[in-house]
Amino acid sequence: MNFHTRKWVKPEDLNPNGSLFGGTLLRWIDEEAVIYAIVQLGNPHVVTKFISEINFVSSAKQGDIIELGITATEFGRTSITMRCEVRNKITRKTILSIDKLVFVNLDAEGTPTPHGKTEITYAYMSVDKFTKDETP
Ligand SMILES: CCCCCCCCCCCCCCCC(=O)SCCNC(=O)CCNC(=O)[C@H](O)C(C)(C)COP(=O)(O)OP(=O)(O)OC[C@H]1O[C@@H](n2cnc3c(N)ncnc32)[C@H](O)[C@@H]1OP(=O)(O)O
């Protein structure tokens, strides 16, 4: 799993207990996951369909740097399924895990449409970004 996105937990991200708001973290994950799905499927018309149990394993506090990891686990006909993990960048302690996030590939009318993908790729709109060995 690649942890591409890092976030610095700031005062505006905190709940009244002083730890990272769960809803804020979920918003960051939804955004990260949809960008991943758009890149993998090569289509900007993608929606969140299903998110499985969310396990808030440990909390993050102000000043922590956290990183979001997403990987595709299954390519369906019109859907892509991903797994997500969030961890503390310094300690590597897991903050959250989600086993299943399903996004659906849509046509211009908003109808599910086959994406034709079967495996993880490293290209977007036919532009190769890196080879597998070069991924950060
Ligand atoms: C590089 C960057 C460029 C950026 C460039 C700009 C981009 C700029 C655009 C940004 C975009 C942002 C997007 C943000 C993310 C939202 O915020 S999306 C908003 C929240 N989500 C929604 O509003 C979706 C609402 N739901 C729906 O509209 C309909 O349920 C859907 C998604 C059209 C699907 O309809 P449906 O009748 O369920 O369709 P159906 O054909 O039965 O199933 C479709 C697939 O879903 C699967 N599925 C259905 N139900 C389930 C379930 N409960 N569990 C698991 N899978 C299921 C099916 O198995 C099927 O998969 P495949 O077997 O074909 O692989």
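Criteria and thresholds
Residues numbered from 1 in each chain as written. Predicted model: local features only at pLDDT ≥ 70, side-chain atom pairs only at ≥ 80, totals over all residues. Heavy atoms only, no water. UniProt positions renumbered as here; feature names shortened; annotations may be inferred. Helix = DSSP H or I, 4+ residues; strand = E, 2+ residues; numbered from the N terminus. Near = heavy atom within 4 Å. Polar contact = N/O pair within 3.5 Å; in protein donor to acceptor, adjacent residues only side chain to side chain. Areas by Shrake-Rupley, 256 points an atom, 1.4 Å probe, with all protein chains shown as cover. Nonpolar A, V, L, I, M, F, W, Y, C, P; charged D, E, K, R; others polar. Patch = residues over 30% accessible without salt bridge, like charges linked within 9 Å, V, L, I, M, F, W, Y side chains within 5 Å. Salt bridge = Lys/Arg side-chain N within 4 Å of Asp/Glu carboxyl O. Buried < 20%, exposed > 50% of the residue type's maximum accessible area, 1.4 Å probe, protein only.

**Student:** Let's hear about the UniProt feature "domain: HotDog ACOT-type" (unreviewed entry) in the protein chain: which residues, and what values?
**Tutor:** Under the UniProt annotation, "domain: HotDog ACOT-type" (unreviewed entry) lies at residues 1-109. Within the segment residues 1-109, helix and strand shares are 18% and 45% respectively, and the terminal C-alpha atoms sit 33 Å apart.

**Student:** Outline the site of the ligand, listing residues and values.
**Tutor:** What surrounds the ligand is a group of 19 residues, the closest being Thr48, Lys49, Arg77, Thr78 and Ser79. Take Lys49: an N or O atom from its side chain is 2.7 Å from an oxygen atom of the ligand. One nitrogen or oxygen atom from the side chain of Ser79 is found 2.6 Å from an oxygen atom belonging to the ligand. Relative to its unbound accessible surface of 1,400 Å², the ligand loses 49% to contact with the protein. Of all the secondary-structure elements, those providing two or more residues to the shell around the ligand are helix H1 (22-41), strand E2 (46-51) and strand E6 (94-105). Of all the elements, E2 adds the most residues to the shell around the ligand, at 5 residues. Grouping the amino acids of the shell around the ligand by side-chain chemistry returns 12 nonpolar, 4 polar and 3 charged.

**Student:** Break down a nonpolar patch on the surface for me, with residues and values.
**Tutor:** Taken together, the side chains of Ile51, Ile54 and Phe56 present a nonpolar region at the surface, about 240 Å² in accessible area. Locating Phe56 in the fold gives a position in strand E3 (residues 54-56). Residue Phe56 is classed as partly exposed on the basis of its relative accessible area of 45%.

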